[in-house]
Amino acid sequence: MRFGLGIDTGGTYTDSVILDMDSGMTVCRSKALTTRDDLSKGINESVSGLDRSMLKKVVLVSLSSTLATNSVVEGKGCRVGLLTIGTGYDPAAAPEFYAEIGGKFDLSGNEVEELDEEGAKAALESMKGKVDAVAVAGYLSVRNPGHENAVRRLAHDILGVPAVCGHDLSSQLGFSQRTATAVMNARLIQVIADLIRSVKDSMKALGVDAPLMIVKGDGSVMGETSAAERPVETVLSGPASSLVGAMALTGLKDAMVVDMGGTTTDIGVIRGGFPRIEQEGALIGGYRTRVRAADISTYGIGGDSRIVVNGKETSVTPVRVIPICIAAAKWPHIKEKLETLKDVTDDRAAEAFDIRDVCQDTEFFVPAKPLSDEDLSECDRDLLKAITEGPLTLNEAGKLIGVPPHAFSASKMESLGLVTRIGVTPTDILHAEGTYTEYDTGASRIAVGYLARKTGMSFDGFIADTKAMIVRRIAYCIMEDIMRERLGRDELDEVHKTMISELLSTDRGCYTLSMKLDMPIIGIGGPVRAWLPAVADMLGTRLVLPEDSEMGNAIGAVTGSVSETVTVTVRAKQDDRSRDPECIVFTKGGKREFPDSESALEYAEKEAKDAAETMAREAGAGDTVIECKVEEVSSDTMGDGIRSFREARVTATATGKPDILSERLS
C-alpha cells in the first residue's frame, strides 16, 4: 500500500486528506481555518488533525495553494527589476525598477540591432541592493533568445539574484503578455520558496518523509524544484485541483464541475478527461499572461457570502463574512447581544444606494490584521482599537467612541483587510432552517428572524425566498459560463444577461422559457449538498455528489499527474514562396534552418518531444506518455490553387504520474 497526502488551502478552509493510492479510497481527512497571514499555520493545524500513525506511511505530499494567486492580486512578493530589450513596455505589472535597452531580432530570428551590453550593465548596476529578482523580456525573443540569455548571465554576475527570461515561460508571440508573465514569475520566486520551506518543515515535524509536489494552474503537478523556478505556473492551482478531484471521485470524463466554498464558487468544464484550458493564457490580477491554466470562472457566491437587507430588499453580496453561527460559537456574547433583537421590528427605509454602506444591527466587526500605515480617519483608528477587546456592532462602537455609526468607513477597512465582518450568510440560513446544525443554531435563528421582520415576511417565507435567490444566482453563474464559452467572449452583453435572467425567472407572464444543460454537474465543496440539488433541477440535468466532495480539492492535489507541454514553431523563409520552401525551426535553444518543410517538421517534432519529456522528468514524472500535435498553415503562393506550406506549430505534451508512484503504475 502507498499513501498520499493531499493539501488544499482554500479561501476559508485548509483541507488535508490521506489517500490510499492503490484503491483511491480516503483513509482519513482533516480541516482547519486558512491562516491568510501565514498559510503554513493553517496547513500545520489541518495536517495535525490526521492520524499520526498514517502520516509516517505517506510516500507523496501534494499541495494546491491560493498563495500565488493572492500574491499577484494583492501585489505582494519580492522586489523585481525588469529589463526589456528592443522595445518599451507599459509596466502595468509594477516592477520596482525598469529599464529599456537596445537590441532586436526580426520574425526570422535574425539580429537587426546588436544588444546594448553596456546599457544592460549600467541598468543592472543601478539595481544593486534594490531588487531580489530580475525579469528579462526581449522583443521577438521566442524567435531568438540570444539577447535574453546574455542579459540573464549579466544579471547573475552583477547582482547574484534569480533572473527570469520571458522565452523560458512561453514560446508564443505576444510581448506584453510574455513580459507580464516574467515579472509575475520573478515576484513570486521568494514567496513560493518560503511556502515550500515552511511546508517541508511542518511535514518533518509531523514525521512525514516524502517528496513534495505543487499543483499547477492546469491541474497537473510539478516537483518543488520546478515550482521554485516557475512559481507563476502555480497560480489558480486551487480551482484546477477541483476539476482533477471531480474526475478522480466520479470517474466522469465529461461534466460541469461546480466547486462551492465559503468565499467563492468556481465553475469549470472537463471534456474527454481533461480540464478546459484558457487558450489565450490565464487572466491574473487584470493582466493577460502566457500561463497555461484551466479555464475556470470564479463568482462571489459561497457559504460565507454576506446577506444584506436594505429596507425591504434582500441581496446576497460577494463579500465574505464570518457566519453568525460560527462567530457565536467562538464568542458567546454575540448571541447574548442578538437576544436584544428578538422582539424588535425594524421597518427602516433603504439606508444607502450602495449596500456596502448599509449598517445592519446583526453585524459585528473583529480585527483582521494589525494597523500599519493605512490612511484612516481618527474614528476608524479608534474603531480598530475598540474591537481588539471583542466583536462590536457599529452602533456599539459609535456609542463607545462618541460618533454616529455611519462615521466609520467599514467597507473601506474591509477592502484593506483590516477588519472582518460577522453577519448573516447562506450558512446561517441553513442553520436557521435546521438543515445544517454544526454551529450555534440559536444565534442564526435570532439574526435571520430579525432580517425577516425587516422585510415584512414570515420567518419561513424569508428563508424560502433567500434560498431560492441563492439557487438562482448559482444557476445564473453556470449558464453565464456556458454561454461565454459558446460565444467565445470574456464578458456577456446586456442582451445575453437578460436572456439568462428570463430563462431562470420564476415570474410567469404570457410566455414560458426553459433550458436544459446537456452535461451532468459534479458538486465539489462543503455547501454543495445544500444548494446544488435545486440548481440541477432548475437546469434539467443530473447532479453527481461524490461521498468525499468536500475534500475534492485536496484529493485532486494528490491524484494529479505531471504534465509538461512544449511548442516548437516552424516557418517558411519569407522570401521563399515555392511549393516546398526552405524553413526555420524556432526552439528555446535558438533557431535552425532546413532545406524543406518535411525535414523541418521532423526535427521540430523530435525537439518538442525531447524537451517535453525532459521538462516532465525534471518536474517529477516517472514513466511518461508523449502526445504530439501538428497544426499547419498553408497558402496559395503561386496563384494556381495549390496550397504551399507556410507555418506550423508542433506541440508535444509529456504526461506521467509522480516518480514515487511510477513503479505501481508501470
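None of the values given here were measured: they were computed from a predicted structure. (Residues numbered from 1 in each chain as written. Predicted model: local features only at pLDDT ≥ 70, side-chain atom pairs only at ≥ 80, totals over all residues. Heavy atoms only, no water.)

Asker: What is the right way to read the packing of helix α1 (residues 39-48) against helix α7 (residues 175-205) from this model?
Answerer: Between two packed helices, both the angle of their axes relative to each other and the distance between the axes serve to describe the pair. Following both chains from N to C, one finds α1 and α7 inclined at 25 degrees, their axes separated by 10 Å at the closest point. Considered as vectors, α1 and α7 are oriented roughly parallel to each other. Between α1 and α7 lies a crossing whose hand is right-handed. For the pair α1 and α7, the contacting residues are Leu 39, Ser 40, Ile 43, Asn 44 and Val 47 in the first and Leu 195, Ser 198, Val 199, Ser 202 and Met 203 in the second. Each residue belonging to the contact of α1 with α7 can be placed in one class, and the counts come to 6 nonpolar, 4 polar and no charged. (Axes fitted to C-alpha atoms, helices over the stretch in contact; angles between N-to-C directions. Helix = DSSP H or I, 4+ residues; strand = E, 2+ residues; numbered from the N terminus. Parallel < 35°, antiparallel > 145°, perpendicular 65-115°, else oblique. Left-handed = near helix turned anticlockwise from the far one by under 90°. Contact = heavy atoms within 4.5 Å. Nonpolar A, V, L, I, M, F, W, Y, C, P; charged D, E, K, R; others polar.)

Asker: What is the right way to look at the pattern of salt bridges in this model?
Answerer: When their charged atoms lie close together, side chains carrying opposite charge are able to pair. Counted under the stated rule, the structure contains 36 salt bridges. In this structure, Arg 276 engages Asp 481 in a salt bridge whose closest nitrogen and oxygen atoms are separated by 3.1 Å. On the criterion of sequence distance, the pair formed by Arg 276 in the loop between β15 (274-275) and β16 (283-284) and Asp 481 in helix α17 (residues 459-487) is long-range, its members being 205 residues apart. Here Arg 276 and Asp 481 have matching classes, each one buried. Between Arg 484 and Asp 481 there is a salt bridge, and its shortest N-O distance comes to 3.7 Å. In this pair, Arg 484 and Asp 481 both sit in helix α17, 3 residues apart, roughly one turn of the helix. Of the two residues, Arg 484 and Asp 481, both sit in the buried class. Beyond isolated ion pairs, a larger network of salt bridges with shared partners links Arg 271, Arg 276, Asp 295, Asp 481, Arg 484 and Glu 485. (Salt bridge = Lys/Arg side-chain N within 4 Å of Asp/Glu carboxyl O. Buried < 20%, exposed > 50% of the residue type's maximum accessible area, 1.4 Å probe, protein only.)

Asker: Hey, could you run me through the packing of aromatic side chains in this one?
Answerer: The way to describe two aromatic rings as a pair is by their centre distance and the angle between their planes. Scanning the entire structure with this criterion turns up 2 aromatic pairs. Their ring planes at 40 degrees and their centres at 5.0 Å tell us that Phe 594 and Tyr 603 sit as a pair that is tilted. A relative accessible area of 10% means that Phe 594 is categorised as buried. We note Lys 31 situated over the ring of Tyr 13; from NZ or CZ to the ring centre the distance is 4.9 Å. Above the ring of Phe 586, the side-chain terminus of Arg 143 is found at 4.7 Å from the ring centroid. (Phe/Tyr/Trp six-rings, centres within 6.5 Å; stacked < 30°, edge-to-face > 60°. Lys NZ or Arg CZ within 6 Å of the ring centre and 35° of its normal.)

Asker: Got a minute to help me understand the nonpolar core in this structure?
Answerer: Soluble globular proteins: nonpolar side chains tend toward being buried together. Leu 5, Ile 18, Val 47, Met 203 and Val 570 are the most contacted members of the largest nonpolar core, which has 62 residues in total. It is α7 that contributes the most residues to this core, 8 residues altogether. When neighbours within four sequence positions are excluded, Val 570 is seen to be in contact with Cys 583, Ile 584, Val 585, Ala 600, Leu 601, Ala 604, Phe 645, Arg 646, Glu 647, Ala 648 and Val 650. Core analysis: the next-biggest nonpolar cluster, separate from the first, contains 31 residues, Met 256, Ile 470, Val 471 and Leu 517 among them. (Core = buried A, V, L, I, M, F, W, Y, C linked by side-chain atoms within 4.5 Å.)

Asker: Got a minute to help me understand the confidence of the model for the chain in this structure?
Answerer: One rule of thumb: low pLDDT means the predicted coordinates there are not for detailed reading. Looking at the chain as a whole, its pLDDT mean stands at 87, while 95% of the residues score no less than 70. Overall, residues 662-666 carries pLDDT values under 50, and its contacts beyond four positions in sequence, including any with other chains, amount to 7 contacts. (pLDDT = per-residue confidence, 0-100.)

Asker: Help me understand the sheet that holds strand β22 (residues 364-367), please; the structure alone is not making it clear to me.
Answerer: Sheet strands associate in pairs through backbone hydrogen bonding, adopting either a parallel or an antiparallel arrangement. The 3 strands are arranged β21-β23-β22 in an open sheet whose pairing can be described as mixed. If you trace the sheet from one side to the other, it starts and ends with β21 (322-323) and β22, each paired once. Alignment of β21 against strand β23 (residues 419-423), held across 2 bridges, turns out to be parallel. Each residue of the ladder has a partner; that of Ile 322, found in β23, is Ile 422. (Pairing = 2+ DSSP bridges.)

Asker: Would you take a moment to explain the side chain of Thr 425 for this structure?
Answerer: Within the fold, Thr 425 resides in the loop between β23 and α15 (426-433). Contact partners of Thr 425, with chain neighbours within four places excluded, come to Gly 303, Asp 304, Ser 305, Ile 307, Val 321 and Pro 323.

Asker: Would you explain the pairing of strand β9 (residues 133-138) in this entry?
Answerer: Two faces belong to every sheet, and in a regular strand the side chains alternate between them. Buried residues dominate β9, accounting for 6 of its 6 residues. Here β9 pairs with strand β10 (residues 163-165) via 3 bridges, running parallel. If you follow Ala 135 over to β10, its bridge partner there is Val 164. Note that the unit made of β9, helix α5 (residues 146-158) and β10 has a crossover that is right-handed. (Right-handed = clockwise from strand over helix to strand, strands pointing away.)

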